[in-house]
Amino acid sequence: MAAQVQPMIVPTDAELLQAQADLWHHSLGYLTSLALKCAVELGIPTTIHRCGGAITLPNLATELSLPPSKLPFLGRLMRLLATSGAFSADNSTETVIYLPQPIVLLVVDGNAHQKAIVLATNSRHYIEAALSLSDWFRKDMPVRSKSPFEQLHGAALFEESMARLDPESHEIFNEALAAHDNLGISVVLQQCPDLFKGLESLTDCCGGDGTTAKAIVKAFPHVKCTVLDLPRVINATSADSPSVNYISGDMFKFIPPAQAILLKLVLHFWSDEDCVKILTQCRKAIPPRAAGGKVIIIDILIGSSSRTMLETELLVDMLMLAVTNGKQRDENEWRTIFAKAGFSDYRIVKKLGPRGIFEVYP
């Protein structure tokens, strides 16, 4: 017997008007991120910070050396950014005063250097890759194929091919990667100290310049830390910490043995198959669980109860789809790759924002 077709519910005029407003919001949402990029490029966050953390619109235009004719347009830019939560607007006086919110303090020069993330994710290369998604979906290609980014640009993120294509963008992308990786380790050390207590040695895979390893050694001086990364990364690193050992190599082939292996925001750049290969090398590098062997993974964990945070996690997943061969994972997906790599157990230590912190045991 054929399934009965449910009658279509006809929206009311009021519902259609609301739907149209929602459609506008979804269709034009990219302008919010481009407005933030504009503010970063103009130096608005740093200027307001330098002026004591609060400024009027005319003073902001003067400090930025903008033509007087641009003042009304600057007001429209700041109005959107204040409505979106990047700034707050104090309307209690005759002239509106703008104050930065924490999101903007991240992109102030000399702070956490997160502005490279804004510039990278709103770059021509990233946006064009996202624009090409529908064409990419229509092509019948093997599962392990080039990302939309690589398919379109003929270059892969963070690789020499990108450096040849656009050296300036390549540098910004690498700055964004470092900013993405390094923010938050202090919070992890404060809120999850048991992760590192009792450890004698740790290898930080894809540890870059050693920022994370140095933070761990500072908090836990008894831990002998090794940073593993590709030769081009290690060769460009100033190994200025005698307490951290730097080794160049390929984590797909060999990981320096240690009691614990750290993978911080690494695996989401790779496919499930590649993650299993990486984790298999990790398992070979650590002792049995009884001897303290474990892999510490800090990565996106999809599944926030907050709708805003969940949407953020899924947006980062769409970014991975557009520009890499990686993905973000929920707990079931993480559990599957742990088992395929031969691990017997895991536990989620904590969730900090979109990041989950795992201990994975052999």
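Residues numbered from 1 in each chain as written. Predicted model: local features only at pLDDT ≥ 70, side-chain atom pairs only at ≥ 80, totals over all residues. Heavy atoms only, no water.

What to know about the domain arrangement of the protein chain
Argument step 1. Examined at the domain level, the protein chain breaks down into domain 1 (38-112), domain 2 (118-178) and domain 3 (184-361).
Argument step 2. Computed from C-alpha atoms alone, the centre-to-centre distance between domain 1 and domain 2 is 31 Å. (Domains from an automatic or database assignment.)

Considering the packing of aromatic side chains
Argument step 1. Applying the stated criterion across every chain, the model contains 12 aromatic pairs.
Argument step 2. Here the aromatic rings of F196 and F220 are separated by 5.7 Å at their centres, their planes lie at 40°, and the arrangement is tilted. In this pair, F196 is assigned in the loop between helix 13 (185-191) and strand 4 (201-205) and F220 in the loop between helix 14 (211-219) and strand 5 (224-229), connecting sequence segments 24 residues apart.
Argument step 3. Assessed through its relative accessible area of 9%, F220 is described here as buried. (Phe/Tyr/Trp six-rings, centres within 6.5 Å; stacked < 30°, edge-to-face > 60°. Helix = DSSP H or I, 4+ residues; strand = E, 2+ residues; numbered from the N terminus. Buried < 20%, exposed > 50% of the residue type's maximum accessible area, 1.4 Å probe, protein only.)

A short note on the environment of T56
Argument step 1. Relative to the helices and strands, T56 is located in strand 1 (residues 55-56).
Argument step 2. The spacing of T56 and K146 is 90 residues in sequence and 48 Å in space, taken between C-alpha atoms.
Argument step 3. Excluding residues within four positions of it along the chain, T56 makes contact with T95, V96 and I97.
Argument step 4. A polar side-chain atom of T56 sits 3.2 Å from a polar atom in the side chain of N59. (Contact = heavy atoms within 4.5 Å. Polar contact = N/O pair within 3.5 Å; in protein donor to acceptor, adjacent residues only side chain to side chain.)

Focus: a nonpolar patch on the surface
Argument step 1. Together, L23, W24, L28, Y30 and L31 give the surface a local cluster of nonpolar side chains, amounting to about 550 Å² of exposed area.
Argument step 2. Among the elements that make up the nonpolar patch, the one with the highest residue count is helix 1 (residues 13-28) (three residues).
Argument step 3. The exposure class of L31 is partly exposed, given its relative accessible area of 39%. (Patch = residues over 30% accessible without salt bridge, like charges linked within 9 Å, V, L, I, M, F, W, Y side chains within 5 Å. Areas by Shrake-Rupley, 256 points an atom, 1.4 Å probe, with all protein chains shown as cover. Salt bridge = Lys/Arg side-chain N within 4 Å of Asp/Glu carboxyl O.)

Here we look at the pairing of strand 3 (residues 97-100)
Argument step 1. The two faces of strand 3 differ: Y98 and P100 on one face are buried, but I97 and L99 on the other face are not.
Argument step 2. Alignment of strand 1 against strand 3, held across two bridges, turns out to be antiparallel. Paired with T56 across the two strands is I97, which belongs to strand 3.
Argument step 3. Note: strand 2 (residues 87-90) against strand 3, four bridges, orientation antiparallel. Bridged to D90 within strand 3 is I97.
Argument step 4. Counted along the chain from strand 2 to the antiparallel partner strand 3, the turn is six residues long. (Pairing = 2+ DSSP bridges.)

A closer look at helix 17 (residues 307-323)
Argument step 1. If you check helix 17, its first and last C-alpha atoms are 24 Å apart, about what 17 residues at 1.5 Å a residue would give, namely 24 Å.
Argument step 2. Within the sequence span of helix 17, burial applies to E313, M320, A322 and V323.
Argument step 3. Packed against the buried residues of helix 17 are helix 8 (124-131), helix 9 (133-138), helix 10 (148-153), strand 8 (294-302) and strand 10 (345-352). (Expected span 1.5 Å × (residues − 1).)

Considering the sheet that holds strand 1
Argument step 1. Spatially, three strands are ordered 1-3-2 in an open sheet, and the strand pairing comes out antiparallel. Taken across any chain shown, the strands that pair with only one partner, and hence form the sheet edges, are strand 1 and strand 2.

Here we look at the side chain of S304
Argument step 1. Structurally, S304 can be placed in the loop between strand 8 and helix 17.
Argument step 2. Residue classification places S304 among the buried residues on the basis of a relative accessible area of 14%.
Argument step 3. Only 2.3 Å separates the side chain of S304 from the side chain of E313, close enough to count as a polar contact.
Argument step 4. There is a polar contact of 3.0 Å between the side chain of S304 and the side chain of K351.
Argument step 5. Residues contacting S304, with those up to four places away along its chain left out, are M309, L310, E313 and K351.

Details of the environment of I247
Argument step 1. Looking at where I247 falls in the secondary structure, it is placed in strand 6 (residues 244-248).
Argument step 2. For I247, a relative accessible area of 28% corresponds to the partly exposed category.
Argument step 3. In this structure, the C-alpha to C-alpha distance between I247 and C205, residues 42 residues apart in sequence, is 9.9 Å.

Focus on the UniProt feature "active site" (unreviewed entry) in the protein chain
Argument step 1. Listed under "active site" (unreviewed entry) in the UniProt record, and renumbered for this structure, are H268.
Argument step 2. Position of H268 among the secondary structure elements: in the loop between strand 7 (260-264) and helix 16 (272-285).
Argument step 3. With relative accessibility at 1%, the residue H268 sits in the buried group.
Argument step 4. Look past the residues within four positions of H268 in its chain and what remains in contact with it is H180, D299, I300, M320, T324, G326, K327, Q328 and R329. (UniProt positions renumbered as here; feature names shortened; annotations may be inferred.)

A closer look at the side chain of T203
Argument step 1. Position of T203 among the secondary structure elements: in strand 4.
Argument step 2. Exposure remark for T203: the relative accessible area of 0% places this residue in the buried category.
Argument step 3. Polar side-chain contacts of T203 include one of 3.0 Å to the backbone oxygen of P256.
Argument step 4. Setting aside chain neighbours within four positions, we find T203 in contact with T226, L228, I255, P256, P257, A258, A260, I261 and L262.

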